[in-house]
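Secondary and tertiary structure notes
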Amino acid sequence: MNILVGVTGCIAAYKACELIRSFQKAGCDVSVVMTQAATRFVGVETFRALTQGQAKVSLFDDADPIPHISLAEQADAMVIAPCTADVCAKVACGIADDLLTSTVLACTCPLFIAPAMNVHMYENAATQANLEVLRSRGVHVIAPDAGYLACGEVGAGKLPAPERISRAVLACLDGRSEASEQALAGKRILVTSGPTVEPIDDVRFISNRSSGKMGAAIAAAALDAGASVTVVSGPVSIAYDARAEVVSVQTAREMRDAACTAFSNADIAICVAAVADYRPERAHAGKLKKGADDDALSCIRMVPNPDILSELGHAKRPDQMVVGFAAEAGEAEAHAREKLARKGADLIVANDVSAQDVFGSDEDEVSFVSEHAITRLARMPKPEVARALIALIAKG
Ligand code: CTP
């Protein structure tokens, strides 16, 4: 696999050297394209030494008359890390005024951008709008870490560790997910999936919208990664991977009991299920009749259901990991951070259901939110989201 690393004029340019080594250790061939500004931080000779001469800066001072086209054609993925605010803006606008930006336009392979800059530059509405444009075009934006920045400020803008960038990139690339590397061999994973149904009487019920597709994709990715998987699922019309053990349940309380049993022997719980938060206090036997049972039908007293994620999160042993999902109508990442703490989870997969057609869709746009980092993924098919999640979990 050929990875083209783009380096821009940022103090974190030196980390690109480590990034190159990290890709090479994973068996990739690496070429480098730098902006002129990047050469003020790290000399092109350094990158040439690391890549057997495969580092270029100029569109013109080269034996190759059209270097941007050759570079683009050879690349299986292009990764701009670090990416300055200026280059984010240029790429969002399609400006091609040097070798790096011309190559980006000529690339048809997946593009990954790891922005790194001062916190105010990163949070500036212009930068955020540019990143949004890039995401909407399928560019994978690897969110910066928050921390102490070179400028002395504290906040988001730090280039993530090179190893993390290379893992995220490789996990996203087709056929290169950590799942295929058996990263979870020997691990036992519990997945809760689908909706729960809470009976009003023998024919009526209250439920949530959930197709089970994401739970199925996660189960498959975990199995591919070598894990043994138990899926505790509410009623769905899709089929789970035949290699998974499937425990079928109806209500939240049944799901909680089955999940707790499976979790006592598991290493990781991934709670994807759309559990009904409340259930009718009373499930009537038979069928309530209009007229005779109007009182019971028109006023259903609801009582809270157990929160399965929260129970597992607060009961987990130190060697266990608990992952939850947060479907939010706006401000998904902020809500996810709050849920992380409240439910005792190690990781929350956040998605904004107001911005997209999620339910039953084959695609999803999510962020992975942990205590210390947020990784935003571009909109992508659910199996790809699942593989990226499993790759992240495999890192521990
Ligand atoms: N969850 C659960 N049991 C519940 C409710 C939710 O296990 N009774 C899990 C879901 O599987 C998901 C996560 O909790 O992993 C988030 O669910 P969500 O509905 O977004 O959160 P709530 O706790 O219901 O909070 P709110 O409705 O206030 O957003």
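You'll find the structure just up there.
Residues numbered from 1 in each chain as written. Predicted model: local features only at pLDDT ≥ 70, side-chain atom pairs only at ≥ 80, totals over all residues. Heavy atoms only, no water.

1. Description of the environment of glycine 152
Considering the arrangement of structural elements, one finds glycine 152 in the loop between strand 7 (145-148) and strand 8 (154-158). As for glycine 152 and serine 193, which are separated by 41 residues in sequence, their C-alpha atoms are 45 Å apart. (Helix = DSSP H or I, 4+ residues; strand = E, 2+ residues; numbered from the N terminus.)

2. Some details on the packing of helix 10 (residues 252-263) against helix 12 (residues 308-315)
Between two packed helices, what matters for the description is the angle formed by their axes and the separation of those axes. Where helix 10 contacts helix 12, the axes come no closer than 10 Å and their chain directions differ by 25 degrees. Relative to helix 12, the element helix 10 lies roughly parallel. The element helix 10 and its partner helix 12 pack so that their crossing is right-handed. Contacts between helix 10 and helix 12 involve Ala252, Met255, Arg256, Ala259, Cys260 and Phe263 from the first element and Ile308, Glu311 and Leu312 from the second. Considering only residue class, the contact of helix 10 with helix 12 consists of seven nonpolar, no polar and two charged. (Axes fitted to C-alpha atoms, helices over the stretch in contact; angles between N-to-C directions. Parallel < 35°, antiparallel > 145°, perpendicular 65-115°, else oblique. Left-handed = near helix turned anticlockwise from the far one by under 90°. Contact = heavy atoms within 4.5 Å. Nonpolar A, V, L, I, M, F, W, Y, C, P; charged D, E, K, R; others polar.)

3. Focus on the pairing of strand 5 (residues 111-115)
Burial of strand 5 is extensive: five of the five residues sit out of reach of the surface. Burial along strand 5 is two-sided: the face carrying Leu111, Ile113 and Pro115 and the face carrying Phe112 and Ala114 are both buried. In this sheet, strand 5 lies alongside strand 4 (residues 77-83) in parallel orientation, the contact comprising four bridges. By the bridge assignment for strand 5, valine 79 is matched with phenylalanine 112. As paired strands, strand 5 and strand 6 (residues 140-141) are joined by two bridges and run parallel to one another. Looking across to strand 6, one finds that isoleucine 113 is bridged to valine 141. (Buried < 20%, exposed > 50% of the residue type's maximum accessible area, 1.4 Å probe, protein only. Pairing = 2+ DSSP bridges.)

4. Considerations on the site of the ligand
In the vicinity of the ligand, 16 residues are found, and the nearest of them are Cys271, Ala273, Phe325, Lys339 and Lys343. Aspartate 307 is positioned with one of its side-chain polar atoms (N or O) 3.5 Å from a nitrogen atom of the ligand. Here an oxygen atom of the ligand sits 2.8 Å away from a polar atom, N or O, in the main chain of phenylalanine 325. Within the complex, the protein chains bury 77% of what would otherwise be the 570 Å² of accessible surface of the ligand. (Near = heavy atom within 4 Å. Polar contact = N/O pair within 3.5 Å; in protein donor to acceptor, adjacent residues only side chain to side chain. Areas by Shrake-Rupley, 256 points an atom, 1.4 Å probe, with all protein chains shown as cover.)

5. Overview of the layout of surface pockets
Considered as a void within the structure, the largest pocket measures approximately 800 Å³ in volume. Looking at the largest pocket, it is lined by 33 residues, and the ones nearest its centre are Val272, Ala273, Ala274, Val275 and Ala327. Of all the secondary-structure elements, those providing two or more residues to the lining of the largest pocket are strand 9 (188-193), helix 9 (213-224), helix 12, strand 17 (321-328) and helix 13 (332-343). Counted by class, the lining of the largest pocket contains 14 nonpolar, 11 polar and eight charged residues. (1 Å grid on protein atoms, 1.4 Å probe; cavity = no way out; pocket = protein on both sides within 12 Å on 5 of 7 lines; lining within 4 Å. Points joined across faces, edges and corners; volume = space filled by probe spheres on them.)

6. Section: the packing of helix 9 against helix 14 (residues 382-394)
Closest axis-to-axis distance for the helix 9/helix 14 pair is 8 Å, and the angle between their directions is 50 degrees. Between helix 9 and helix 14, the crossing angle belongs to the class labelled oblique. Seen along the crossing, helix 9 lies across helix 14 with a hand that is right-handed. Side by side, helix 9 and helix 14 meet where Lys213, Met214, Ala217, Ile218, Ala221 and Ala222 of the first sit next to Lys382, Pro383, Val385, Ala386, Arg387, Leu389 and Ile390 of the second. Residues that form the contact of helix 9 with helix 14 fall into these classes: 10 nonpolar, no polar and three charged.

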